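So you can see what is in the structure, the chains are spelled out below.
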Amino acid sequence: MYEATIIELPKIHNVAGNITVINNDDTKLPFDVRRVYYLYDIPGGESRGAHAHKELQQLIIAASGSFDITLDDGNTKRRFSLSRPYMGLYMPQCLWRKLDNFSSGAICLVLASHNYNENDYLRDYELFLNFYK
Ligand code: TYD
């Protein structure tokens, strides 16, 4: 759990707007980026996640708007709020996660260490607790 941390990403500032670049080779992420996906058009009051991954590591960024993430290692829960496009939450494997409190228009950008694999998901909380032990 304590490996889960907020990573500040580089920001190229310009009066005409900012750019954040994540270079696989230069940005010190704990994993190589293999897949990128994003959640958007999330209706008010909805929550996402409610699963863990056996192997997958992820960096989650609020590319627009804001949302909260609750991480749970079976013993401890930690809640993070993301609202800045240059801040990412690094999530190591084996943490139960829930995303909620999405602002209107929020975009949740996810950088992932592996391709999509349904076998990597733990979607049952009891199974997750047993897997973690
Ligand atoms: P899921 O990861 O369960 O969404 P969330 O955690 O945001 O609630 O994925 C939802 C659906 O999308 C699921 O049926 C699998 C599919 N999916 C893919 O096909 N490829 C992907 O890379 C991802 C992330 C999901």
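So, here's what we can say about the structure. (Residues numbered from 1 in each chain as written. Predicted model: local features only at pLDDT ≥ 70, side-chain atom pairs only at ≥ 80, totals over all residues. Heavy atoms only, no water.)

**Examining unusual backbone geometry**
We note that Ala50 has phi near 55°; this positive angle belongs to a residue other than glycine. Along the chain, Ala50 falls in strand 3 (residues 48-53). Of note in this structure, Cys94 is not a glycine but carries a positive phi near 65°. Looking at the secondary structure, you find Cys94 in the loop between strand 7 (87-91) and strand 8 (96-100). (Helix = DSSP H or I, 4+ residues; strand = E, 2+ residues; numbered from the N terminus.)

**A word on the sheet that holds strand 2 (residues 35-39)**
In spatial order, the strands read 1-7-4-9-2; together these five strands make up an open sheet with antiparallel pairing. Taken across any chain shown, the strands that pair with only one partner, and hence form the sheet edges, are strand 1 (5-8) and strand 2. Strand after strand, the sheet turns through a mean of 25° between neighbouring axes, direction not considered. In the sheet, strand 4 (residues 58-64) pairs with strand 9 (residues 107-112) via six bridges, with the strands oriented antiparallel. (Pairing = 2+ DSSP bridges. Axes fitted to C-alpha atoms, helices over the stretch in contact; angles between N-to-C directions.)

**Things to note about the site of the ligand**
Neighbouring residues of the ligand: Arg35, Tyr37, Leu39, Arg48, Gly49, His51, Tyr116, Tyr121 and Arg123. Between the ligand and Arg35 there is a distance of 2.5 Å, counted from an oxygen atom to a side-chain nitrogen or oxygen. Tyr121 is positioned such that a nitrogen or oxygen atom in its side chain is 2.6 Å from an oxygen atom of the ligand. In isolation the ligand exposes 540 Å². Once the protein is present, 60% of that is buried. (Near = heavy atom within 4 Å. Polar contact = N/O pair within 3.5 Å; in protein donor to acceptor, adjacent residues only side chain to side chain. Areas by Shrake-Rupley, 256 points an atom, 1.4 Å probe, with all protein chains shown as cover.)

**So, the side chain of Arg97**
Relative to the elements of secondary structure, Arg97 occurs in strand 8. At 7.6 Å, Asp120 is the nearest oppositely charged side chain to Arg97, a buried residue that forms no salt bridge. A distance of 2.5 Å separates the side chain of Arg97 from the side chain of Gln58, its partner in a polar contact. Here the side chain of Arg97 touches Leu95 through a polar contact of 3.3 Å, landing on its backbone oxygen. If near-sequence neighbours (up to four positions away) are discounted, Arg97 is found in contact with Arg48, Gly49, Ala50, His51, Ala52, His53, Gln58, Thr70, Leu71 and Met91. (Buried < 20%, exposed > 50% of the residue type's maximum accessible area, 1.4 Å probe, protein only. Lys, Arg positive; Asp, Glu negative; His and termini not counted. Salt bridge = Lys/Arg side-chain N within 4 Å of Asp/Glu carboxyl O. Contact = heavy atoms within 4.5 Å.)

**Topic: the sheet that holds strand 6 (residues 77-82)**
Taken together, five strands build an open sheet; the order of strands is 6-5-8-3-10 and the sheet is antiparallel. Looking at strand neighbours, the two that pair on one side only are strand 6 and strand 10 (121-122), the edges of this open sheet.

**Some points on the packing of aromatic side chains**
The full count for this structure, using the stated rule, is seven aromatic pairs. With centroids separated by 5.2 Å and ring planes inclined at 35°, the aromatic side chains of Phe67 and Phe102 adopt a geometry described as tilted. Here Phe67 is found in strand 5 (residues 67-72), whereas its partner Phe102 is found in the loop between strand 8 and strand 9, with 35 residues between them in sequence. Look at Trp96 and Tyr125: their rings are 5.1 Å apart centre to centre, the planes differ by 85°, and that puts the pair in the edge-to-face class. Here Trp96, found in strand 8, pairs with Tyr125, found in helix 1 (residues 125-132); they are 29 residues apart in sequence, far enough to count as distant. Here Tyr125 falls in the partly exposed class, since its relative accessible area comes to 30%. Clustering of aromatic rings is evident, with ring pairs tying together Trp96, Tyr125 and Phe128. (Phe/Tyr/Trp six-rings, centres within 6.5 Å; stacked < 30°, edge-to-face > 60°.)

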